[in-house]
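# A structural walkthrough
Residue strings, one per chain:
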Amino acid sequence: MTKLAIINGKLADPAGNDLATGVILIEDDRILATGDITVPQDAETIDAAGLVVAPGLVDLGVFATDKPAFHFGGITRAALMPDQSSPLDDAGLIRQATRAGKPDFWVHPIAAATRGLKGAELAEIGMMQAAGAKAVGTGRQWIADSGVMMRVLSYASGLGLTVITHAEDSGLAGKAVATSGETATRLGLPHAPACAEAMAIARDIMLARVTGGAIHFRLVTTRAGFDLIRAARADGLRITCGISPAYLFLSDNAVTDFRTFARLSPPLRSEDDRKAAIEAVADGTVDVITSSHDPRGPEDKRLPFADAAPGMAGAETLLALSLNLVRDGHVTLNRLMTLLSANPARILGVNGGSFAAGAAADLIFIDPDAPWIVDSGKMAAQAGNTPFDRMPVQGRVRRIMKGGNFL
Amino acid sequence: MPDIPVSSTQSDLEGGDLTGRALFPHRHLLSIADLKPWEIRFLLDEAEHWARSNRGGARKHDDRLAGMTQINAFFENSTRTLLSFEIAGKRLGADVVNMHAGQSSVKKGETLIDTAMTLNAMAADVIVIRHASSGAVALIADKVDCPVLNAGDGWHQHPTQALLDALTIRRRKGGFEGLIVAICGDVLHSRVARSNMLCLAALGAQVRAVAPPTLMPPEVEMLGATPYTRMDEGLEGADVVMMLRLQNERMDGAFIPSPREYHMLYGLTPERLAIARPDALVMHPGPMNRGVEIASVVADHPQRSAITEQVEMGVAIRMACLDVLTRGARGVEGWA
């Protein structure tokens, strides 16, 4: 039995309100105790002076198991989207995905809600759950058929699984690659009105009301969308939502000059929606910040804008960009760790995001002020498709502990 | 030809107050949005010279681009624009090579960038590109060492079309200040409309975008045009009526119910043309859908229609653009 005591660090406990200096005592792969405690004689001590100690980030919704990028970004667990080359609609594929990162990284696969993600027939959700799936997902698309979506919600709720959905009405979104507005008009890009998101959210909220199912809207990016979620939550529905830093710090004018690294799904929104997203983080409407990590090489991105694949490599910049929210006074560091770690862990039902006794000893040691410059040419990720290229940021993860072991 | 009213901008033809040759500080011609009004006027003045020489008799050759290779890389079908660029290049003495997507390795899965690198390796001196995707031409321009002319990219831009339209208007109307130009039809999917709105607004015209609501781009005002969804209101007092081609694939009920309903509501008929100014000019970038967006009797009107003149000015504009963009490479004094 080895005991480790992390001392002198400032603890960013998601359950707390402020940073507090204290000790984290670890035995094997679990936290024994945290706070103002006496370090036992037999414990090895780790000095975390000058660093913030936080739970490892839990990234709710990534498209690739990209360990170097996750480790750089302080992410110790990620929920893998079912949109893989073979959609994760089968227990065997789920079992394989859960093993892909171990031991130093844990993948929690999201089971495809429907066979082949086609939005028609229910996939074997129960068998996939038994194989390790932690949630059910519609993937990159929403399920257009409301009857199918209702049955997905209803069935998943019986298994205690949350349904992670993509909120874009496919009839409106169609082949659009940009949000309707000045930029799309100037560039001559196929576009869809931003209300495609609210329409999808409104329907799914209705279905959640009927079925009692739990829904997590993976990326909500518009004012109208946040308004619907606030109202649904006030009614006591089991609705949560997430966002990625791109929608907090960029608006659709980032697409100017046809920058395919800024081609995302859903597309970047107006400046007004961007401000609404910041407000939604500040007022607690947003539950999760995800990297939505989707590394894409030149074969997917060095193409005309509308032909390029959507998505950005976000794992490395997730923490540093999110720390801007703390600097700007929108959230405390503790609250940020709730968004980046505790809430996603809770939605997935996995042991993470906590300093409580018995919690997994997944910890990151952050130097929150360390400056660095995002460089798409020098990323740890499988590809450097970041719309934040050349942006100066602050905040580096200096050490990562996964299950009691430093990496 | 009807009387040409001489406006205050007649001096455009002479190049303004400054007599020296204006520089054109652009490596490529990708979008009208990149151009200052005086740069547009400079290209129009240059083209005016070629328009005159093109009418000057049987021998139209000028060999200033002799020994240079011009590649017309057309990834999307075109007849008149390709022909126009080919004739323009040949009149300047360039060796013109045409590459059609249909017969190229693009069909075999080669990426656009690889194709661009291939064209570049063949040491082209100027490349003219058309592509069905917005932004594709700029993507290639970034990767090659020679000037690139955008001959149309998706819904985005078709700058030489806007320049030839402006030249046609200037020759027929004398200038742009205060001129009301109605651009009518499928504005949403039209690169011609986007280029023309920016170009004509920059030159001082009052531009109107006239389209069914389903074919009107959002925030079209930002491109300098006032939106009108009723044809008759959009035509009121117009000096120029510029019709756009309605693509066949838009007519199947997706954006408008049918070609005949479109013709009823937005077709340019003699009755409707009467709403515009009595001397209003009729333009169309071609190819026309006769009986859909424009009635034959209007398209063929000997005084009012400038449609064949547009084609003629197209060659002049493309000669001007090819000449100006290759001056650096040719070592023309003051440009190299």
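What counts, and at which threshold
- Residues numbered from 1 in each chain as written.
- Chains lettered and ligands numbered in written order.
- Predicted model: local features only at pLDDT ≥ 70, side-chain atom pairs only at ≥ 80, totals over all residues.
- Heavy atoms only, no water.
- UniProt positions renumbered as here; feature names shortened; annotations may be inferred.
- Pairing = 2+ DSSP bridges.
- Helix = DSSP H or I, 4+ residues; strand = E, 2+ residues; numbered from the N terminus.
- Axes fitted to C-alpha atoms, helices over the stretch in contact; angles between N-to-C directions.
- Contact = heavy atoms within 4.5 Å.
- Core = buried A, V, L, I, M, F, W, Y, C linked by side-chain atoms within 4.5 Å.
- Buried < 20%, exposed > 50% of the residue type's maximum accessible area, 1.4 Å probe, protein only.
- 1 Å grid on protein atoms, 1.4 Å probe; cavity = no way out; pocket = protein on both sides within 12 Å on 5 of 7 lines; lining within 4 Å.
- Points joined across faces, edges and corners; volume = space filled by probe spheres on them.
- Nonpolar A, V, L, I, M, F, W, Y, C, P; charged D, E, K, R; others polar.
- Salt bridge = Lys/Arg side-chain N within 4 Å of Asp/Glu carboxyl O.
- Domains from an automatic or database assignment.
- Buried area = accessible area lost by both parts, 1.4 Å probe.
- Polar contact = N/O pair within 3.5 Å; in protein donor to acceptor, adjacent residues only side chain to side chain.
- Parallel < 35°, antiparallel > 145°, perpendicular 65-115°, else oblique.
- Left-handed = near helix turned anticlockwise from the far one by under 90°.

As annotated in an unreviewed UniProt entry, chain B carries the name Aspartate carbamoyltransferase and comes from Sphingobium fuliginis. What UniProt states about chain B under its Subunit (unreviewed entry) heading is, verbatim, "Heterododecamer (2C3:3R2) of six catalytic PyrB chains organized as two trimers (C3), and six regulatory PyrI chains organized as three dimers (R2)." Its UniProt record, at the heading Catalytic activity (unreviewed entry), says of chain B: "carbamoyl phosphate + L-aspartate = N-carbamoyl-L-aspartate + phosphate + H(+)".

Taking an unreviewed UniProt entry as the reference, chain A is identified by name as Dihydroorotase belonging to Sphingobium fuliginis.

### Structural notes on the sheet that holds strand β2 (residues 95–100) of chain B
Residues and elements named next belong to chain B. Judged by pairing direction, the sheet is parallel, and its four strands sit side by side in the order β2-β1-β3-β4 without closing on themselves. This sheet does not close on itself; its edge strands, each paired only once, are β2 and β4 (148–153). Neighbour to neighbour, the strand axes of the sheet diverge by 10° on average, direction disregarded. Bridge count for strand β1 (residues 69–74) against strand β3 (residues 126–131) is five bridges, and the pairing is parallel. Bridge pairing links Q70 to V126 in β3. On the sheet, helix α11 (residues 307–325) packs against β1, β3 and β4 and is oriented at approximately 140° with respect to β4.

### A look at the nonpolar core
A:F217, A:I239, A:I243 and A:M337 are the most contacted members of the largest nonpolar core, which has 97 residues in total. With near-sequence residues (within four places) excluded, A:I239 lies in contact with A:I205, A:A208, A:I215, A:F217, A:I229, A:A232, A:R233 and A:D287. Within the second largest apolar cluster, 93 residues are counted, among which are B:I32, B:A47, B:V187 and B:A316.

### Some thoughts on the UniProt feature "binding site: L-aspartate" (unreviewed entry) in chain B
Residues and elements named next belong to chain B. The sites that carry the UniProt feature "binding site: L-aspartate" (unreviewed entry) are, in the present numbering, K108, R191 and R245. Inspection of the secondary structure puts R191 in helix α6 (residues 191–202). Its relative accessible area of 12% is what places R191 among the buried residues. The contact partners of R191, leaving out residues within four places of it in the chain, are E76, R130, H131, G152, D153, G154, W155, H156, Q157 and H158. Note on placement: R245 falls in the loop between β8 (240–243) and α8 (259–266). When its relative accessible area of 23% is taken as the criterion, R245 is described as partly exposed. Setting aside residues up to four positions removed in sequence, R245 forms contacts with D186, H284, P287, M288, N289 and E293.

### Observations regarding the UniProt feature "domain: Amidohydrolase-related" (unreviewed entry) in chain A
UniProt tags residues 137–405 of chain A as "domain: Amidohydrolase-related" (unreviewed entry). Helix makes up 37% of residues 137–405 of chain A and strand makes up 15%, while its end C-alpha atoms are separated by 31 Å.

### Description of empty space enclosed by the protein
Any empty space left between the atoms is revealed when a probe the size of a water molecule rolls over them. Residue and element names in this part refer to chain A. Taken as a whole, this structure holds three cavities of 30 Å³ or more when the rule is applied. In this structure, the largest cavity encloses a volume near 120 Å³. What lines the largest cavity is a set of 15 residues, and nearest its centre among them are F63, L219, S265, S292 and G311. Considered class by class, the residues forming the lining of the largest cavity number six nonpolar, six polar and three charged.

### With respect to the pattern of salt bridges
Residues and elements named next belong to chain A. Under the counting rule described, the total for this entry stands at 40 salt bridges over all chains. Of the charged contacts, one joins R140 and D294 as a salt bridge, the two residues approaching to 3.1 Å between their closest N and O atoms. With R140 in the loop between β9 (135–137) and α4 (146–158) and D294 in the loop between β15 (288–289) and α11 (298–301), the pair connects residues that are 154 residues apart, well separated along the chain. What makes R140 partly exposed here is its relative accessible area of 22%.

### Let's talk about the domain arrangement of chain B
Residue and element names in this part refer to chain B. Looking at chain B, the domain boundaries give domain 1 (24–156 + 311–326) and domain 2 (157–306). Centre-to-centre separation of domain 1 and domain 2, based on C-alpha positions: 25 Å. Between domain 1 and domain 2, the contact holds 34 residues from the first and 28 residues from the second. Summing both sides of the interface, domain 1 and domain 2 together bury roughly 2500 Å²; the carbon and sulfur share of this comes to 62%. Counting the surface domain 1 buries against domain 2, the share from its top three residues, I32, L44 and W155, is 28%. The interface formed by domain 1 and domain 2 holds three salt bridges in total. One salt bridge in this structure joins E48 and R171, with 2.8 Å as the shortest N-O distance. The tally of links from domain 1 across to domain 2 stands at ten residue pairs in polar contact (both at pLDDT 80 or more). Those elements giving two or more residues to the side of domain 1 that touches domain 2 turn out to be α1 (37–54), α2 (80–91), β3, β4 and α11. Its residues placed into classes, the side of domain 1 that touches domain 2 shows 17 nonpolar, eight polar and nine charged.

### Here's the deal with the UniProt feature "binding site: carbamoyl phosphate" (unreviewed entry) in chain B
All names here are of chain B. Per the UniProt record, the feature "binding site: carbamoyl phosphate" (unreviewed entry) sits at R80, T81, R130, H158, Q161, G286 and P287. Its place among the elements puts R80 in helix α2. If near-sequence neighbours (up to four positions away) are discounted, R80 is found in contact with P285, G286, P287 and V311. Mapped onto the secondary structure, R130 falls in strand β3. Owing to a relative accessible area of 7%, R130 belongs among the buried residues under this scheme. In contact with R130, other than residues within four places in its own chain, are A73, F74, F75, E76, N77, S78, T81, A151, G152, H158 and R191.

### As for the environment of A:D257
Summarising the element assignment, A:D257 is placed in the loop between α9 (245–249) and α10 (271–282). For A:D257 and A:G61, which are 196 residues apart along the polypeptide, the C-alpha to C-alpha distance reads 29 Å.

### Focus: the packing of helix α5 (residues 159–173) of chain B against α6(B)
Residues and elements named next belong to chain B. Interhelical geometry of α5 versus α6 gives an angle of 50° and a closest axis separation of 8 Å. By the angle between their axes, α5 is oblique relative to α6. Judged by the twist between their axes, the crossing of α5 over α6 is right-handed. Every residue of α6 that contacts α5 at P159, Q161, A162, D165, A166 and I169 is listed here: V192, S195, N196, C199 and L200.

### Overview of the sheet that holds strand β10 (residues 163–165) of chain A
Strand-to-strand pairing in sheets goes through backbone hydrogen bonds, with the strands running parallel or antiparallel. Residue and element names in this part refer to chain A. Pairing is parallel across the open sheet formed by eight strands, whose spatial order is β6-β7-β8-β9-β10-β13-β14-β15. Each edge of the open sheet carries a strand with a single partner, namely β6 (57–62) and β15. Note: strand β8 (residues 106–112) against β9, three bridges, orientation parallel. Among the inter-strand pairings, A112 is bridged to a residue of β9, identified as G137. On the sheet, helix α8 (residues 223–234) packs against β13 (215–217) and β14 (239–243) and is oriented at approximately 150° with respect to β14.

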